[in-house]
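Single-letter residue listing:
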Amino acid sequence: MPLSEQEQRLLDEMERHLLHNDADVVTAPSGDRALSYRNLVYGALLLLAGVGGLVAGVILGGAWGIVVGVIGFAAMLAGVMVAVTPVRRATPAEPRERSAPKRQDSASFMDRMNDRWDRRQDGH
């Protein structure tokens, strides 16, 4: 069932509002931090060493096997942590401008949506 023109306009307005306000959330992690290829390689190598230690621990069995397996698991965990940890980028000489301040009508937008919802509920 297609949307009416009013519903389509309302949906478009909501999408624009979400894109405007949630853009800060989406871009926040990538601000001045990024994944390092060097860390990815070191992490992958540490992960593979940990898998090898875990397999060796299973093969050894007994008390030594448990110790080697636990060390292998810890190495795997450390490898993943190294691989996914972002590093700080070099800060530019000139500070970046802050993003434009948020519009003050965001609360009024939600108020309008709540009012529309209330009117719709009262009409039924």
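As shown above, the structure is provided for reference.
Rules and cut-offs
Residues numbered from 1 in each chain as written. Predicted model: local features only at pLDDT ≥ 70, side-chain atom pairs only at ≥ 80, totals over all residues. Heavy atoms only, no water. Helix = DSSP H or I, 4+ residues; strand = E, 2+ residues; numbered from the N terminus. Buried < 20%, exposed > 50% of the residue type's maximum accessible area, 1.4 Å probe, protein only. Contact = heavy atoms within 4.5 Å. Areas by Shrake-Rupley, 256 points an atom, 1.4 Å probe, with all protein chains shown as cover. 1 Å grid on protein atoms, 1.4 Å probe; cavity = no way out; pocket = protein on both sides within 12 Å on 5 of 7 lines; lining within 4 Å. Points joined across faces, edges and corners; volume = space filled by probe spheres on them. Nonpolar A, V, L, I, M, F, W, Y, C, P; charged D, E, K, R; others polar. Expected span 1.5 Å × (residues − 1). Patch = residues over 30% accessible without salt bridge, like charges linked within 9 Å, V, L, I, M, F, W, Y side chains within 5 Å. Salt bridge = Lys/Arg side-chain N within 4 Å of Asp/Glu carboxyl O. Lys, Arg positive; Asp, Glu negative; His and termini not counted. Charge placed at Lys NZ, Arg CZ, Asp CG, Glu CD. Axes fitted to C-alpha atoms, helices over the stretch in contact; angles between N-to-C directions. Parallel < 35°, antiparallel > 145°, perpendicular 65-115°, else oblique. Left-handed = near helix turned anticlockwise from the far one by under 90°.

### What about the overall build of the protein chain?
From N to C terminus, the protein chain includes four helices and two strands. Seen in sequence order, the protein chain has helices and strands lined up from the N terminus as α-β-α-α-β-α. Every one of the 124 residues in the protein chain was classed for burial, and the buried ones make up 15%. A separation threshold of at least 6 residues defines the contact pool for the protein chain, and within that pool the share at least 24 residues apart is 78%. Taken as a whole, the protein chain presents about 10300 Å² of accessible surface, with 64% of it coming from carbon and sulfur.

### What about the layout of surface pockets?
In this structure, the second largest pocket occupies an estimated 200 Å³ of space. Taken together, Gln-6, Leu-10, Met-14, Met-113, Asn-114, Arg-116, Trp-117, Arg-119 and Arg-120 make up the lining of the second largest pocket. Residue assignment for the lining of the second largest pocket shows that the elements contributing at least two residues are α1 (5–27) and α4 (106–123). Among the elements that make up the lining of the second largest pocket, the one with the highest residue count is α4 (six residues). Counted by class, the lining of the second largest pocket contains four nonpolar, two polar and three charged residues.

### Looking at helix α3 (residues 62–84)
Taking 1.5 Å of rise per residue, 23 residues should cover 33 Å, and α3 covers 33 Å from first to last C-alpha, within 8% of that figure. All of the buried residues along α3 are Gly-65, Gly-69, Gly-72, Ala-75, Met-76, Gly-79 and Ala-83.

### Brief notes about a negative patch on the surface
On the surface, a cluster of negative charge is made up of Asp-111, Asp-115, Asp-118 and Asp-122. In this fold, Asp-111 is placed in helix α4.

### As for the pattern of salt bridges
Applying the stated criterion across every chain, the model contains one salt bridge. Residues Arg-112 and Glu-13 are paired through a salt bridge, measuring 3.2 Å at the closest nitrogen-oxygen approach. A residue pair is termed long-range when its members are at least 10 positions apart, and Arg-112 in helix α4 and Glu-13 in helix α1 qualify at 99 residues. Take Arg-112: its relative accessible area is 35%, and that puts it in the partly exposed class.

### Quick look at the packing of helix α2 (residues 37–60) against α3
Two elements in contact, α2 and α3, have axes whose closest approach is 7 Å; the angle formed by their N-to-C orientations is 165°. By the angle between their axes, α2 is roughly antiparallel relative to α3. Considering the relative orientation of α2 and α3, their crossing is left-handed. Split by residue class, the contact of α2 with α3 holds 17 nonpolar, ten polar and no charged.

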